[in-house]
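Residues per chain are reported as follows:
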Amino acid sequence: MILSLGNASEKVIEEVRQNLLARGLENTLVKCAKTTLVVITSDADSLPGHIFSQMDGVQKVVRLSNRSPLGKDLAQTVVTLSTANSNSGLVQIGGGRPPIVISGPCAIEGRDQIIELAQEVKASGAVALRGGAYKPRTSAYDFQGLGLDGLKYMKEAGLQAGLPVVSEVVSIEQIEPSSPYLDVFQVGARNMYNYELLKELGRQRKPVLLKRGMSATIDELLQAAEYILLEGNLQVILCERGIRTFENRTRNTLDLSAVAVIKSLTSLPVMVDPSHAVGKREFIAPLSRAAIACGADGLIIESHCTPDKSISDAAQAIEPSTLAAIVNDTNIIWAALNPSAVGRTNIDEVTEEASAVNVQGSKASARTLAGTTGI
Ligand code: PEP
Ligand code: MN
């Protein structure tokens, strides 16, 4: 690893070197004509780049190997949402594939509700089903979700419709019992800083959809992702879901610049959740179109067969017909912007090789995957 310090003062150079030494990183100085380089001679490959780029005086970080899990220098990460037994083919996101749409209710409200909606979600062209079973509600008096029973209903609904299922876990204890009924673990905005939960999800063999905290910076989101990646789970999708600003016409403010910036910094797929960002159903379609136009790899959208009757987040729930129109727009916009990639698919046939992507559990195998296959 080499840090370029431009024409930094002696004091700044010394501070950078001391900072590195404090982290146990030996380094040596190279003075060139117009810049000063600090060459880190210890092995720093597994450390995330922002540790260095955020040091005062560091203008550029040059990696000499591509072992950083988050690194943009890797080939784009492809995350496989479903396994061979999820009855849906292998739904894949990232790596230049067409964007995917995940949809379903804010909360799983009952067996019939989710089974009926799953069929509509499938018919709309969305490729995965979402639904909350453990709901992190702002008020302790609000519906907290159906828990494991809800997950069982959703898994049944997903299998019937041929859709992999995505749901949030809010504690470490929920991971093991939930796992058989989930294809993707979601980490909600309120838990982005729950590092113990992130580490435990990093030890799982299922993808993680990590949502940005409502007041989290882009770097904090990336640092949170590293907790998962460093435990060996490289199947991570980042999700922009709106941040808190002074604006109060909308529930949050959709930060589309985050999508472009994150894509410039990492190899991970980036999704957008317009539902929690804007909070009002009439704006979900325009924000979805904008998200795809700025490079999002997918959308996660709340829908309901009778939106006004939703137990939670009714104001942002859309009907299946609106969802179908959004999926259609998504495909049109993506094809217009990526004419040479038209014909690519986000659903692959199930092959042993492909489903193996989901079962890379150990740190060592994750590194190997990152370094050699670029996954
Ligand atoms: C959700 O997707 O169900 C949810 C609660 O969203 P967020 O964590 O982004 O608020
Ligand atoms: Mn919701």
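Our structure is the block above this text.
Residues numbered from 1 in each chain as written. Chains lettered and ligands numbered in written order. Predicted model: local features only at pLDDT ≥ 70, side-chain atom pairs only at ≥ 80, totals over all residues. Heavy atoms only, no water.

(A) A look at the coordination of the manganese ion (ligand 2). Every protein donor of the manganese ion (ligand 2) is accounted for by Cys 106 (SG), His 276 (NE2), Glu 302 (OE) and Asp 313 (OD), and the metal-donor separations fall at 2.0 to 2.4 Å. Counting residues between consecutive donors of the manganese ion (ligand 2) along the chain gives the motif C-x169-H-x25-E-x10-D. On the criterion of sequence distance, the pair formed by His 276 in helix H9 (residues 274-278) and Glu 302 in strand E14 (residues 298-302) is long-range, its members being 26 residues apart. Like His 276, the residue Glu 302 is buried in the burial classification. (Donors = N, O, S within 2.8 Å, 3.2 Å for Na, K, Ca; no water. Helix = DSSP H or I, 4+ residues; strand = E, 2+ residues; numbered from the N terminus. Buried < 20%, exposed > 50% of the residue type's maximum accessible area, 1.4 Å probe, protein only.)

(B) Here's a closer look at the sheet that holds strand E6 (residues 90-93). On the basis of which strands lie adjacent, the open sheet formed by three strands has the order E5-E6-E15 and antiparallel pairing. A strand with exactly one partner marks an edge of an open sheet, and here the two such strands are strand E5 (79-80) and strand E15 (347-348). Of the strand pairs in this sheet, E5 and E6 are connected by two bridges, and their pairing is antiparallel. The partner of Val 79 across the bridge, within E6, is Ile 93. (Pairing = 2+ DSSP bridges.)

(C) Helix H8 (residues 256-265), seen in detail. Along H8, the residues classified as buried are Ala 258, Val 259 and Ile 262. The arc that holds the buried residues of H8, viewed along the axis, is 105°, so those residues lie on one side. (Arc of directions from axis to C-beta.)

(D) Representation of the pairing of strand E12 (residues 236-240). Counting buried positions over the five residues of E12 gives five, a clear majority of the element. Going residue by residue along E12, you find Val 236, Leu 238 and Glu 240 tucked away on one face and Ile 237 and Cys 239 tucked away on the opposite face as well. Direction of pairing for strand E11 (residues 208-211) relative to E12: parallel, over a ladder of four bridges. Note that in E12 the partner of Leu 210 across the bridge is Leu 238. Of the crossover connections in this fold, the one passing from E11 over helix H7 (residues 218-229) to the parallel E12 is right-handed. Taking the sense of rotation as the criterion, the β-α-β connection linking E12, H8 and strand E13 (residues 270-272) turns out right-handed. (Right-handed = clockwise from strand over helix to strand, strands pointing away.)

(E) Representation of the packing of helix H10 (residues 284-293) against helix H11 (residues 320-337) in the model. Relative to each other, H10 and H11 sit at 25°, their axes nearing to 9 Å. For the element pair H10 / H11, the angle class is roughly parallel. Viewed along their axes, H10 and H11 form a crossing whose handedness is right-handed. From H10, Ile 284, Ala 285, Ser 288, Arg 289, Ile 292 and Ala 293 reach across to H11, where they touch Ile 326, Asp 329, Thr 330, Ile 333, Trp 334 and Leu 337. (Axes fitted to C-alpha atoms, helices over the stretch in contact; angles between N-to-C directions. Parallel < 35°, antiparallel > 145°, perpendicular 65-115°, else oblique. Left-handed = near helix turned anticlockwise from the far one by under 90°. Contact = heavy atoms within 4.5 Å.)

(F) Region of the structure containing the nonpolar core. Grouped together as the largest cluster of nonpolar side chains are 62 residues, with contacts concentrated most on Leu 129, Leu 201, Leu 210, Leu 238, Ile 262, Leu 299 and Ile 301. Among the elements that take part in this core, H7 stands out by supplying seven residues, more than any other. When sequence neighbours within four positions are dropped, the list of residues in contact with Leu 210 reads Val 187, Met 192, Leu 198, Leu 221, Ala 224, Ala 225, Ile 228, Ile 237, Leu 238 and Cys 239. (Core = buried A, V, L, I, M, F, W, Y, C linked by side-chain atoms within 4.5 Å.)

(G) Summary view of the packing of H7 against H8. Where H7 meets H8, the axes come as close as 11 Å, and the angle between the chain directions of the two elements is 50°. Between H7 and H8, the crossing angle belongs to the class labelled oblique. In this structure, the crossing between H7 and H8 has a hand that is right-handed. Touching Ile 218, Leu 221 and Leu 222 of H7 are Ala 258, Val 261, Ile 262 and Leu 265, all from H8. Within the contact of H7 with H8, the residues separate by chemical class into seven nonpolar, no polar and no charged. (Nonpolar A, V, L, I, M, F, W, Y, C, P; charged D, E, K, R; others polar.)

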